[in-house]
Amino acid sequence: MVNFVIMRRYEDTYKQKGLRRQLVDSIRQKGITDENVLAAIGNIPRHFFLDTAFESIAYEDRAFPIGEGQTISQPYTVAYQSQLLEIKPYEKVLEIGTGSAYQACVLAELKANVFTIERQKKLFELVKQFQFKSKYPNLRFFYGDGYEGLSSYAPFDKILVTAAAPQIPEKLLQQLKIGGKMVIPVGGQDVQRMLRITKVSDTEFDQELFDNFTFVPMLAGKR
Ligand code: SAH
């Protein structure tokens, strides 16, 4: 296995701020309309979440590697999922797949109470050392299996899955409040359909279908 050192630079220059404004414009042009989501993308220095090797391209609307075969999602995808969640301040939101913590910080910017779970120890450890997170007292990190959810903090107003799920995890449905919503990409390895599930009662769920995306797979079982 290749052991690499992550280099970060926590300086937000005028150039980077300008590139970020352009990124927000391009996401808007691609169809994102939620102004709070666009403002959150505009407020968060995405290059802080990436190795300095990606510094000059951090504001391109692309996914990038973050180690352990994982990626930080494309900003458009982050905005798309965040918009579908219709976050209101102080809602309890569970995220599956912390990765770089970029999406979790977007949810925290939207003033949600965020609980995020990561399955891979190395990524979890990396995020624990990431100073930018201290900006958000409303953001908590957990090492665990997203298929299990986080029963000790359930129920949640919203659940966001940021890895490709072969099917909808039963325990996550259980941990949703009645009236709560889950956004999850469901499908095979190559492509997944974005679903929004609304919990109508303990046994009834509404399902809405959105666009196709490609996420890294949600890992099953113990590692
Ligand atoms: N939200 C992340 C990107 C997610 S990539 C960001 O903003 O950067 C998908 C992440 O899900 C990876 O970090 C992967 O390790 C994690 N993951 C995969 N299977 C998981 C599971 N069963 N439980 C929790 N996290 C999981």
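Because the structure is a prediction, the values reported are computed rather than measured.

Draft legend 1. Region of interest: the overall build of the protein chain. Check the secondary structure of the protein chain and you find six helices and nine strands. The C-alpha radius of gyration of the protein chain comes to 17 Å, within 12% of the 17 Å expected for a compact globule of 223 residues. Referenced to the eigenvectors of the C-alpha coordinate spread, the extents of the protein chain come out at roughly 50 × 40 × 35 Å. Every one of the 223 residues in the protein chain was classed for burial, and the buried ones make up 51%.

Draft legend 2. View of the site of the ligand. The immediate surroundings of the ligand are formed by 27 residues, with Gly 97, Ser 100, Glu 118, Gly 146 and Leu 219 found nearest. Within the backbone of Arg 119, an N or O atom sits 3.3 Å from a nitrogen atom of the ligand. In this structure, Thr 162 approaches the ligand through a side-chain N or O atom, which is 3.1 Å from a nitrogen atom. In isolation the ligand offers 580 Å² of accessible surface; the protein chains occlude 100% of this area. When each cavity is represented as a set of grid points, the ligand is found to reside in the largest pocket. Listing elements by their share of the shell around the ligand, those giving two or more residues are strand 2 (70–72), strand 3 (92–96), helix 4 (102–109) and strand 4 (113–118). Sort the elements by how many residues they give to the shell around the ligand and strand 2 lands first, with three residues.

Draft legend 3. Main features of the nonpolar core. If you look at the biggest cluster of nonpolar residues, it comprises 50 residues, and the most contacted ones within it are Ile 41 and Phe 49. The residues contacting Ile 41, other than those within four sequence positions of it, are Arg 20, Leu 23, Val 24, Ile 27, Pro 75, Val 78, Ala 79, Tyr 102 and Val 106. Counting 21 residues, the second-largest nonpolar core is a separate cluster that includes Leu 94, Phe 115, Ala 163 and Leu 195.

Draft legend 4. Region of interest: the UniProt feature "active site" (unreviewed entry) in the protein chain. Listed under "active site" (unreviewed entry) in the UniProt record, and renumbered for this structure, are Ser 73. In this structure, Ser 73 sits in the loop between strand 2 and helix 3 (75–85). If we ignore the near neighbours within four places in the chain, the residues touching Ser 73 are Arg 46, Arg 62, Ala 63, Val 78 and Phe 215.

Draft legend 5. Geometry of the pairing of strand 7 (residues 176–187). Here strand 6 (residues 156–161) runs beside strand 7; their pairing, made up of four bridges, is parallel. Its bridge partner being in strand 7, Ile 159 is matched across the sheet by Met 182. Of the pairings in the sheet, the one linking strand 7 to strand 8 (residues 192–199) comprises seven bridges and is antiparallel in character. Counterpart to Met 182 in the pairing with strand 8 is Ile 197. Counted between consecutive antiparallel strands, the loop separating strand 7 from strand 8 contains four residues.

Draft legend 6. Region of the structure containing the pattern of salt bridges. Counted under the stated rule, the structure contains 15 salt bridges. Across the pair Asp 12 and Arg 20 runs a salt bridge, and its minimum N-O distance is 2.8 Å. The shortest N-O distance in the salt bridge between Lys 128 and Glu 125 comes to 3.6 Å. Of the two residues, Lys 128 and Glu 125 are both situated in helix 5 (residues 121–128); the distance of three residues between them amounts to about one turn of the helix. Among the residues examined, Glu 125 registers a relative accessible area of 28% and is labelled partly exposed. Counted as one network, the salt bridges with shared partners bring together Glu 86, Arg 196 and Glu 208.

Draft legend 7. How the structure looks around the sheet that holds strand 4. Taken in spatial order, the seven strands make up an open sheet running 5-4-3-6-7-8-9, and their pairing is mixed. Edge positions in the sheet fall to strand 5 (139–143) and strand 9 (205–213), since each has one partner strand and no second. In this sheet, neighbouring strand axes are inclined to one another by 15° on average, regardless of whether the strands run parallel or antiparallel. Helix-sheet contacts for helix 5 involve strand 4 and strand 5, and the interaxial angle to strand 5 is about 150°.

Draft legend 8. Here's a closer look at the layout of surface pockets. Considering only enclosed or pocket space, the largest pocket measures out at about 530 Å³ in volume. Lining the largest pocket are 36 residues, with Thr 71, Ser 73, Thr 162, Ala 163 and Val 216 positioned closest to its centre. Counting only elements with at least two residues in the lining of the largest pocket, the list comes to strand 2, helix 3, strand 3, helix 4 and strand 4. In terms of residue class, the lining of the largest pocket is built from 16 nonpolar, 16 polar and four charged.

So, how was this worked out
- Residues numbered from 1 in each chain as written.
- Predicted model: local features only at pLDDT ≥ 70, side-chain atom pairs only at ≥ 80, totals over all residues.
- Heavy atoms only, no water.
- Helix = DSSP H or I, 4+ residues; strand = E, 2+ residues; numbered from the N terminus.
- Rg over C-alpha atoms; globule rule 2.2 N^0.38 Å.
- Buried < 20%, exposed > 50% of the residue type's maximum accessible area, 1.4 Å probe, protein only.
- Near = heavy atom within 4 Å.
- Polar contact = N/O pair within 3.5 Å; in protein donor to acceptor, adjacent residues only side chain to side chain.
- Areas by Shrake-Rupley, 256 points an atom, 1.4 Å probe, with all protein chains shown as cover.
- 1 Å grid on protein atoms, 1.4 Å probe; cavity = no way out; pocket = protein on both sides within 12 Å on 5 of 7 lines; lining within 4 Å.
- Sits in = over half its atoms within 2 Å of the grid points.
- Core = buried A, V, L, I, M, F, W, Y, C linked by side-chain atoms within 4.5 Å.
- Contact = heavy atoms within 4.5 Å.
- UniProt positions renumbered as here; feature names shortened; annotations may be inferred.
- Pairing = 2+ DSSP bridges.
- Salt bridge = Lys/Arg side-chain N within 4 Å of Asp/Glu carboxyl O.
- Axes fitted to C-alpha atoms, helices over the stretch in contact; angles between N-to-C directions.
- Points joined across faces, edges and corners; volume = space filled by probe spheres on them.
- Nonpolar A, V, L, I, M, F, W, Y, C, P; charged D, E, K, R; others polar.

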